[in-house]
Amino acid sequence: MWTVLWFRPATMSTLLFPLLLLLSTLCRLGQSMSREEKLKLRNQVVEMFDHAYSNYMDHAYPADELMPLTCRGRVRGLEPSRGDVDDALGMFSLTLIDTLDTLVLLNKTTEFEAAVRRVLKDVRLDNDIVVSVFETNIRVLGGLLGGHSMAVMLKDAGHYMQWYQDELLHMAKDLGLRLLPAFNTSSGLPYPRVNLKHGVRGPESRTGTETDTCTACAGTIILEFAALSRFTGDPVFEVQARRALNFLWEKRQRNSNLVGTTINIHSGEWVRRDSGVGAGIDSYYEYLLKAYILLGDDLFLQRFNIHYASIMKYISQPPLLLDVHIHKPLLPARTWMDSLLAFFPGLQVLKGDIRPAIETHEMLYQVTKKHNFLPEAFTTDFRVHWAQHPLRPEFAESTYFLYKATKDPYYLEVGRTVLDNLNRFARVPCGFAAMKDVRTGSHEDRMDSFFLAEMFKYLFLLFAEEEELPFNVEDYIFTTEAHLLPLSLSTAPRAPSPPANTTVQAASLPHLSASVKSLWSEEELDDSNFDWTCPNTRLLFPDPAFPRNLRDPIRSAVDKSCPRPAIHREPGMGRPPLRAQDFMANNPDHLELLRRMGVSLIHLKDGRVQLVQHATQAVSAVAAEDGMRFMQEMMELSSQQQKEQLPPRAVQIVSHPFFGRVVLTAGPAQFGTDLSKSITGVRGFVTVAEPYSGCVELSNAAFVQGRIALLQRGQCMFAEKARHIMKAGAIGGIVIDDNEGSSSDTAPLFQMAGDGRNTDDVTLPLLFLFYKEGNILLEALKEYREVEVLLSDKARDRGGDVQENDQTSPASSATLDRSHVSTVELDESAPELAPDNEEVTPEEDVGPAFKRNPEPEEEPAVEKDSSSKSVEAMMADWQEDLEAFQQMEDEL
């Protein structure tokens, strides 16, 4: 068994997996690409690069960028302003500097040497111009450092650059010193812009009044600044970059472990609280992992893994990656995705998480095939949201990393598609032009420097054989701009630790388990507690068809032209159309009818399902019409149910030693006893139903009789659970969420709806608790065995029925007084959609039988290992989280 350790950060992605294990089996699956064909495509990449580079040099240099439609250079101030986009331009021959190490990788050593001489002769860095700190760092500073790395490598080889005396490094340090004034803030987060000549906040700087910056802008500094420090021996750059990263880490949302998109550089308050892996945040996560690889500091890996776990828990809904709110991560922040997230599958490859990388990449590939390029933004049903495409390289980057990790020739064909589309739709006589609208094929007069810096690197590496490369790329790491920094920097002297007040201590991470906290001590290091290794590919792909099996369903969901079975073979022909009020999400016949109507279901992590109709995927025009009618009925049903929203209810623990001081916020049901009409509520001892799901007649009916039954969400309708416990003689029921980590603090309350039938026969109260609140009740039951609760519309105080000598704490009653956004939780339908999308998001309770990865049902929580937190500890955490939630609500 092969295992490649993360512990020595001197490998790139090509060393993270035993790559050749899959080659023979994958090639048998499909047609592998011949060496001659790969050579042809590699040469095509070089020709395309020559076309772009030569036109820049002939028509634009020394301007920053080429305008390929008008065959001239883009000079800032002479062309109409494009807003923030122009902040990347600093009158420093941006495209040439950004392209230096690409020339070496493509075996254009003579051109590289000439380009370096041009940079040293022509480029000035002291221009009186305001530039983006982020863009200047990754493109210009990164380009100079990448060029220096290549020059040193060539000089050491003894053939080229023998005259070189670190001139590019001297320029890089000069530029780094010009960027440093931006970091002169109390937080350590840099100003977003700096004047190359006058710094910030001076009378001549014309900048320094900004208060906000994006997370990626402040968190994508460490690779370039640390490399500059280690190349020059001056620690100031690495110190400042680490200080900014430490501040961002401290300001993460402690419950979700996510960061927002925009932050105030002075106060550290989040200005935009939406969180994703695309624009505004993307390279912050990338640089945490790559900083560990380059610098060898375990702290970066620990932080990355904590963030990554939250990304996969809240943001990742394979194959989608959807933004959420950092304080309520189960709430989606938007219904579209931006193209910058296309880098994320490549980062997952570096992490070693291949399955979701394959799924998301395949979704992106199908969108690419549908529109020729990835639109700047597209919706969850894969329609264009923003139609531009500035020739971004992130999809090619992920394609390269997936090919290196799997050796699946499928990704060579993906690369061929990228090449073909660039030549067919973006190539113009003076270079390659960005797409103004992918739907119409219209062009924009721009060719950004990153096109030469990144796109051709990744495409060349995709098709080139190892022996065709001028150096071993595994000795380098790619920055977010694909500049090459040597991994040998990990052994260079590192910067001293930042001041103590900005150093993250283990004690400041209250939500980490003790085993993870111990990782901060080298003496207690335990590899089993952390992701130090990448998985073995034999385990990832036990079946050679595994990657293909992941891709095929996604291809069918995105590609409207996928083949359909003959209509006469479709079951359900001749049946009356399915009506929304009859729909049940766990009924296989209903699901088949949906498929015939072109309606597909996407299961979301919070238990809801999203309904999307593509009329062209219906088996016939009649079926498509039935589907449109069904979607309209779902919208009307949703609207009706939204009008019937009920306020939250209370589950109050009234037995010893709680005496009513613990009040848990609960979601109501739209059927059964209406607790708002009950003066006393329903009071009784709780017991766990067997089976815990409550989806069949209870085997412990004798114990449930006269008590309040505890049930686990999943596997059947809420009303069905209620009927089973009522038959057993229960006086009430509490359904506990099976989505681990869910809480009323971070998710909207929802109402449990019926099963589409008459529910007048249900005469007991049924309430819903999220996982966190439910676990408090289960832990109390495990510790005290007899636990009595009161189900009511609000908490009872000392003068009520709870306990004569006790009172309800202010914090407890606050859980009921604060307002919540209620969401109807439907078993069969609760659509939430904009009519023009024809997209419905019903909420259901279908449980493990309908989850993406079915798992055996767990035993009731009360039978878990006794090492769980004590009730007192859980209550302390709960109280702390509640106070933080209330403070957040006040700020909003």
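Please refer to the structure placed before this passage.
In this report, we go over the structure that sits alongside the text. (Residues numbered from 1 in each chain as written. Predicted model: local features only at pLDDT ≥ 70, side-chain atom pairs only at ≥ 80, totals over all residues. Heavy atoms only, no water.)

Re helix α20 (residues 588–596)
Phase 1: For α20, every residue scored as buried is listed here: His 590, Leu 593, Leu 594 and Arg 596. One side of α20 carries all its buried residues, which in axial view fall inside an arc of 160 degrees.
Phase 2: A positive phi of about 80 degrees marks Gly 598, the residue just after α20. (Buried < 20%, exposed > 50% of the residue type's maximum accessible area, 1.4 Å probe, protein only. Helix = DSSP H or I, 4+ residues; strand = E, 2+ residues; numbered from the N terminus. Arc of directions from axis to C-beta.)

Structural notes on the state of the cysteines
By definition, a disulfide links the sulfur atoms of two cysteines through a covalent bond.
Phase 1: Counted according to the given criterion, the structure contains three disulfides.
Phase 2: Residue pairing for Cys 214: its cysteine sulfur links by disulfide to Cys 217, the two sulfurs lying 2.1 Å apart. Disulfide Cys 214-Cys 217: the torsion about the S-S bond is 90 degrees, which places it as right-handed. Residue Cys 214 shares its accessibility class with Cys 217, and that shared class is buried.
Phase 3: Taken in N- to C-terminal order, the disulfide-linked cysteines of the protein chain are connected 1-4, 2-3, 5-6. (Disulfide = S-S within 2.5 Å.)

Considerations on the nonpolar core
The nonpolar side chains of soluble globular proteins are, as a tendency, buried together.
Phase 1: Core analysis: the biggest nonpolar cluster contains 199 residues, and Phe 112, Met 363, Leu 422, Phe 432 and Leu 766 have the highest contact counts within it.
Phase 2: Ranked by residues supplied to this core, first place goes to helix α5 (residues 133–157) with 11 residues.
Phase 3: If sequence neighbours within four positions are ignored, Leu 422 has contacts with Met 48, Phe 373, Leu 391, Arg 427, Phe 432, Phe 451, Met 455 and Leu 459. (Core = buried A, V, L, I, M, F, W, Y, C linked by side-chain atoms within 4.5 Å. Contact = heavy atoms within 4.5 Å.)

A closer look at the pattern of salt bridges
Pairing between side chains of opposite charge can happen when the charged atoms of each approach one another.
Phase 1: Under the defined criterion, the tally for this structure stands at 46 salt bridges.
Phase 2: Among the salt bridges present, the one from Lys 290 reaches Glu 286, with a minimum N-O distance of 2.7 Å. In this pair, Lys 290 and Glu 286 both sit in helix α10 (residues 282–295), four residues apart, roughly one turn of the helix.
Phase 3: Assessed through its relative accessible area of 1%, Lys 290 is described here as buried.
Phase 4: As a salt-bridge pair, Asp 737 and Arg 713 come within 3.0 Å of each other at their nearest N and O atoms. Taken as a pair, Asp 737 in the loop between β27 (732–736) and β28 (750–752) and Arg 713 in the loop between β26 (708–712) and α23 (718–727) lie far apart in primary sequence, 24 residues in all.
Phase 5: Assessed through its relative accessible area of 6%, Arg 713 is described here as buried.
Phase 6: In the salt-bridge network here, residues are joined through shared partners; they are Glu 65, Arg 82, Asp 86, Glu 135 and Arg 139. (Salt bridge = Lys/Arg side-chain N within 4 Å of Asp/Glu carboxyl O.)

Considering the packing of helix α2 (residues 35–59) against helix α16 (residues 449–463)
Phase 1: Between α2 and α16, the least distance of the axes is 8 Å, while the angle of their chain directions is 165 degrees. What the angle tells us is that α2 and α16 run roughly antiparallel. Regarding α2 and α16, the two cross each other, and that crossing is left-handed. Between α2, through Lys 38, Leu 41, Arg 42, Val 45, Val 46, Met 48, Phe 49, Ala 52 and Tyr 53, and α16, the contact on the second element is made entirely by Phe 451, Leu 452, Phe 456, Leu 459, Phe 460, Leu 462 and Phe 463.
Phase 2: When the residues that make up the contact of α2 with α16 are grouped by side-chain class, the tally is 14 nonpolar, no polar and two charged. (Axes fitted to C-alpha atoms, helices over the stretch in contact; angles between N-to-C directions. Parallel < 35°, antiparallel > 145°, perpendicular 65-115°, else oblique. Left-handed = near helix turned anticlockwise from the far one by under 90°. Nonpolar A, V, L, I, M, F, W, Y, C, P; charged D, E, K, R; others polar.)

Structural notes on the pairing of strand β29 (residues 766–769)
Phase 1: Of the two faces of β29, the one holding Leu 766 and Phe 768 and the one holding Leu 767 and Leu 769 are both buried throughout.
Phase 2: With four bridges joining them, β27 and β29 adopt parallel strand pairing. Its bridge partner being in β29, Ile 734 is matched across the sheet by Leu 767. (Pairing = 2+ DSSP bridges.)

Notes on the sheet that holds strand β6 (residues 262–264)
Phase 1: An order of β5-β6-β7 is seen for the three strands of this open sheet, with the pairing classed as antiparallel. For this open sheet the edge positions go to β5 (212–214) and β7 (270–272), each flanked by a neighbour on one side alone. The average angle at which neighbouring strand axes cross in this sheet is 35 degrees, direction not considered.
Phase 2: Relative to β7, β6 runs antiparallel, the two sharing two bridges. Paired with Thr 262 across the strands is Arg 272, a residue of β7.

Observations regarding the side chain of Arg 139
Phase 1: By the secondary structure assignment, Arg 139 is in helix α5.
Phase 2: Owing to a relative accessible area of 5%, Arg 139 belongs among the buried residues under this scheme.
Phase 3: Within the local environment of Arg 139, its side chain forms a polar contact with the side chain of Glu 65, the two groups lying 3.4 Å apart.
Phase 4: Look past the residues within four positions of Arg 139 in its chain and what remains in contact with it is Glu 65, Ala 88, Leu 94, Ile 97, Asp 98, Asp 448, Ser 449, Phe 450, Glu 481 and His 483. (Polar contact = N/O pair within 3.5 Å; in protein donor to acceptor, adjacent residues only side chain to side chain.)

A few points about the packing of aromatic side chains
Phase 1: Applying the stated rule across the entire model yields 26 aromatic pairs.
Phase 2: Note on Tyr 410 and Tyr 411: the rings are 5.4 Å apart at their centroids and 85 degrees apart in plane angle, and the pair reads as edge-to-face. Neither residue differs from the other here; Tyr 410 and Tyr 411 are each classed as buried.
Phase 3: An aromatic cluster is built from Phe 49, Tyr 53, Phe 432, Phe 451 and Phe 456, whose rings are joined through pairwise contacts.
Phase 4: Here the guanidinium or amino end of Arg 117 rests over the ring plane of Trp 163, the centre of that ring lying 4.1 Å away.
Phase 5: Sitting over the face of the ring of Tyr 410, Arg 551 holds its NZ or CZ atom 3.7 Å from the ring centroid. (Phe/Tyr/Trp six-rings, centres within 6.5 Å; stacked < 30°, edge-to-face > 60°. Lys NZ or Arg CZ within 6 Å of the ring centre and 35° of its normal.)

Some details on the sheet that holds strand β24 (residues 662–666)
Phase 1: Overall, mixed pairing links the seven strands, which are arranged β24-β23-β30-β25-β26-β27-β29 in an open sheet. Each edge of the open sheet carries a strand with a single partner, namely β24 and β29. In this sheet, adjacent strand axes meet at a mean angle of 35 degrees when their direction is disregarded.
Phase 2: Along the sheet, helix α24 (residues 771–784) contacts β23 (649–653), β24, β25 (682–688), β26, β27, β29 and β30 (788–792); its crossing angle with β24, the most-contacted strand, is approximately 140 degrees.

Quick word on the packing of helix α14 (residues 394–406) against α16
Phase 1: Running from N to C, α14 and α16 cross one another at 25 degrees; their axes reach a closest spacing of 9 Å. With respect to α16, the element α14 is oriented roughly parallel. Classified by chirality, the crossing of α16 by α14 is left-handed. Contacts between α14 and α16 involve Ala 396, Glu 397, Thr 399, Tyr 400, Phe 401 and Tyr 403 from the former and Met 455, Tyr 458, Leu 459, Leu 461 and Leu 462 from the latter.
Phase 2: Counted by class, the contact of α14 with α16 contains nine nonpolar, one polar and one charged residues.

Points about the environment of Ile 653
Phase 1: Mapped onto the secondary structure, Ile 653 falls in strand β23.
Phase 2: For Ile 653, a relative accessible area of 0% translates into the label buried.
Phase 3: Separated by 10 residues in sequence, Ile 653 and Val 663 place their C-alpha atoms 6.5 Å apart.
Phase 4: Leave out the neighbours within four places in its chain, and Ile 653 touches Phe 658, Phe 659, Gly 660, Arg 661, Val 662, Leu 777, Val 787, Glu 788 and Val 789.

Some remarks on unusual backbone geometry
Phase 1: Pro 318 connects to Pro 319 through a cis peptide bond whose omega is 5 degrees.
Phase 2: As for its position among the elements, Pro 319 is in the loop between β9 (316–317) and β10 (320–321).
Phase 3: Between Glu 690 and Pro 691 the backbone carries a cis peptide bond, its omega angle lying at 0 degrees.
Phase 4: Structurally, Pro 691 is set in the loop between β25 and α22 (701–704).
Phase 5: Phi at Met 91 is positive, roughly 60 degrees, even though this residue is not glycine.
Phase 6: Within the secondary structure, Met 91 sits in the loop between β2 (72–74) and α3 (94–105).
Phase 7: With phi around 75 degrees, Asn 372 is a residue other than glycine that occupies positive phi space.

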